[in-house]
Amino acid sequence: MIQKTDMVSVIIPTFNRAWTLERAIDSVLAQDYTPIEIIVIDDGSTDETQEVLAGYKDEIRILVQENKGVSAARNLGIQESQGHFIALLDSDDAWEKNKLSCQMDFFQSNPGAMICQTEEIWIRKGKRVNPKKKHKKPSGMIFEPSLKLCLVSPSAVMIRKQLFDQKGMFNEAFPVCEDYDLWLRISHDTPVYLIDIPLTVKTGGHGDQLSASHSQDKYRIQSILNLIESNVLSPDQAQAALKVFKEKCRIFAGGCLKRGREKESAYYLTLADRTG
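> Mind showing me how you'd approach the side chain of E119 here?
Following the sequence through the fold, E119 ends up in strand 6 (residues 115–124). Not counting residues within four places of it along the chain, the set of residues in contact with E119 comprises K136, K137, L194, I195, D196, I197, P198, L199 and T200.

Take a look at the structure:
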């Protein structure tokens, strides 16, 4: 029997995505699992987002804020949510109809688990593509392989809400890689489990993706440095983190130098040496 404690709060942040927002919301409304609440956070949109949302009436809850970025939008939704489980969905992604039910079955069978994700179907510029080998999602203690690149997708995860109390929320100072930052803070001592079924449709290749307009390694470097300085890592984890930190600093410094940003390049080379 489904209890109130089994409610899933679905958090959908959006900014000027009226062109695809309906697809995301409709994929939640089509889920074969209840109870759910759907919270859409309009992060200061200037397009037809509000007109799209008005069509759903009382099927969704709408929060509106001035444009503060995806981290602040997600955090607001999580803070306002009522469910014991949080499922994130980016407004350009969608779910298969049994995505939530599969994850809730997993949690009910694994009461000690705090976070899990599903496999994904990748769509790029309207066509299905196969992820590269390096993007293969591990399961369990994923901290070290997650240092080089983000191996958790926000739209694929479900999280016990209490985990945010333990680990904090999304870093609102990060315009990108805010998810990478959170997954590292979680995964250094918490297993991130994989349901090896593609239940999340991840869409990319369109021009308004944040990752296309920011240098991601700059924020990954800061995330790793924050974690190293927090002194929560084991000696082996700290060593692995420092190695990747140095690699990313040098790669980013090289990129800065090619673009004529000599001072920035020198800063990141010095940063790598100073922490070693």
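> Please explain helix 10 (residues 262–274) as it appears in this structure.
Every α-helix carries 3.6 residues per turn, so stepping three or four residues along brings you back to the same face. The terminal C-alpha atoms of helix 10, which comprises 13 residues, lie 18 Å apart, in line with the 18 Å expected from a rise of 1.5 Å per residue. Taken residue by residue, helix 10 has S265, Y268, L271 and A272 as its buried positions. The arc that holds every buried residue of helix 10, seen down its axis, measures 125°, which confines them to one face. Opposite its buried face, helix 10 presents the exposed residues K263, D273 and R274, each directed more than 90 degrees away. Close packing links the buried residues of helix 10 with helix 8 (216–230) and helix 9 (235–258).

> Could you clarify how one ought to interpret a negative patch on the surface in this entry?
On the surface, a cluster of negative charge is made up of E22, D26, D58 and E59. Note on placement: E22 falls in helix 1 (residues 18–29). Overall, E22 belongs to the partly exposed group, its relative accessible area being 42%.

> Hey, could you run me through the nonpolar core in this one?
Across soluble globular proteins, you tend to see nonpolar side chains buried next to one another. Counting 27 residues, the largest nonpolar core has V8, V10, I12, I25 and L100 as its most contacted members. Taken together, the elements giving at least two residues each to this core come down to strand 1 (8–14), helix 1, strand 2 (36–43), helix 2 (49–54), strand 4 (85–88) and helix 4 (99–109). No other element matches helix 1, which puts 5 residues into this core. In contact with I12, other than residues within four places in its own chain, are L21, I25, V28, I38, I39, V40, I41, L89 and S91.

> Would you take a moment to explain the pattern of salt bridges for this structure?
When the charged atoms of two side chains with opposite charge come close together, those side chains can pair. Enumeration according to the criterion identifies 13 salt bridges in this entry. Here D90 and R74 are joined by a salt bridge, their closest N and O atoms 3.0 Å apart. Within this pair, whereas D90 is found in the loop between strand 4 and strand 5 (94–95), its partner R74 is found in helix 3 (residues 70–80), the two being separated by 16 residues in sequence. In terms of burial, D90 and R74 fall into one category: buried. A salt bridge links D181 to R185, with the shortest nitrogen-to-oxygen separation between them at 2.9 Å. Here the residue D181 and the residue R185 both occupy positions in helix 7 (residues 178–187), the gap between them amounting to 4 residues, near one helical turn. Given the relative accessible area of 4%, D181 is considered buried. Members of the salt-bridge network, linked through shared partners, are R74, D90 and E178.

> What exactly am I supposed to notice about the packing of helix 8 against helix 9 here?
Relative orientation and spacing of two packed helices are given, respectively, by the angle between their axes and the distance between those axes. Running from N to C, helix 8 and helix 9 cross one another at 150°; their axes reach a closest spacing of 10 Å. One element, helix 8, and the other, helix 9, form an angle in the roughly antiparallel class. The handedness of the crossing between helix 8 and helix 9 is left-handed. Note on element contacts: helix 9 touches helix 8 through A241, L242, V244, F245, K248, C249, I251 and F252, opposite D217, K218, R220, I221, I224, L225 and I228.

> Whenever I open this one, the packing of aromatic side chains confuses me. Can you help?
When we look at a pair of aromatic rings, we describe it by the centre distance and by the angle of the planes. In this structure the tally under the stated criterion is 7 aromatic pairs. Measuring from ring centre to ring centre gives 5.1 Å for F85 and F107, while their planes differ by 45°; the resulting arrangement is tilted. Separated by 22 residues along the polypeptide, F85 in strand 4 and F107 in helix 4 bring together distant segments of the chain. Aromatic side chains F106 and Y193 sit 5.5 Å apart centroid to centroid with 50° between the ring planes, which places their arrangement in the tilted category. You can see F106 sitting in helix 4 and its partner Y193 sitting in strand 9 (residues 193–204), a full 87 residues away along the chain. By the ring-pair criterion, three or more aromatic residues cluster together here, those being F85, F106, F107 and Y193. The residue whose ring lies beneath R74 is F170, and the NZ or CZ to ring-centre distance is 4.8 Å. Directly above the aromatic system of Y180 lies the positively charged group of R220, at a separation of 5.4 Å from the ring centroid.

Reading the values: the criteria
Residues numbered from 1 in each chain as written. Predicted model: local features only at pLDDT ≥ 70, side-chain atom pairs only at ≥ 80, totals over all residues. Heavy atoms only, no water. Helix = DSSP H or I, 4+ residues; strand = E, 2+ residues; numbered from the N terminus. Contact = heavy atoms within 4.5 Å. Expected span 1.5 Å × (residues − 1). Buried < 20%, exposed > 50% of the residue type's maximum accessible area, 1.4 Å probe, protein only. Arc of directions from axis to C-beta. Patch = residues over 30% accessible without salt bridge, like charges linked within 9 Å, V, L, I, M, F, W, Y side chains within 5 Å. Areas by Shrake-Rupley, 256 points an atom, 1.4 Å probe, with all protein chains shown as cover. Salt bridge = Lys/Arg side-chain N within 4 Å of Asp/Glu carboxyl O. Lys, Arg positive; Asp, Glu negative; His and termini not counted. Charge placed at Lys NZ, Arg CZ, Asp CG, Glu CD. Core = buried A, V, L, I, M, F, W, Y, C linked by side-chain atoms within 4.5 Å. Axes fitted to C-alpha atoms, helices over the stretch in contact; angles between N-to-C directions. Parallel < 35°, antiparallel > 145°, perpendicular 65-115°, else oblique. Left-handed = near helix turned anticlockwise from the far one by under 90°. Phe/Tyr/Trp six-rings, centres within 6.5 Å; stacked < 30°, edge-to-face > 60°. Lys NZ or Arg CZ within 6 Å of the ring centre and 35° of its normal.

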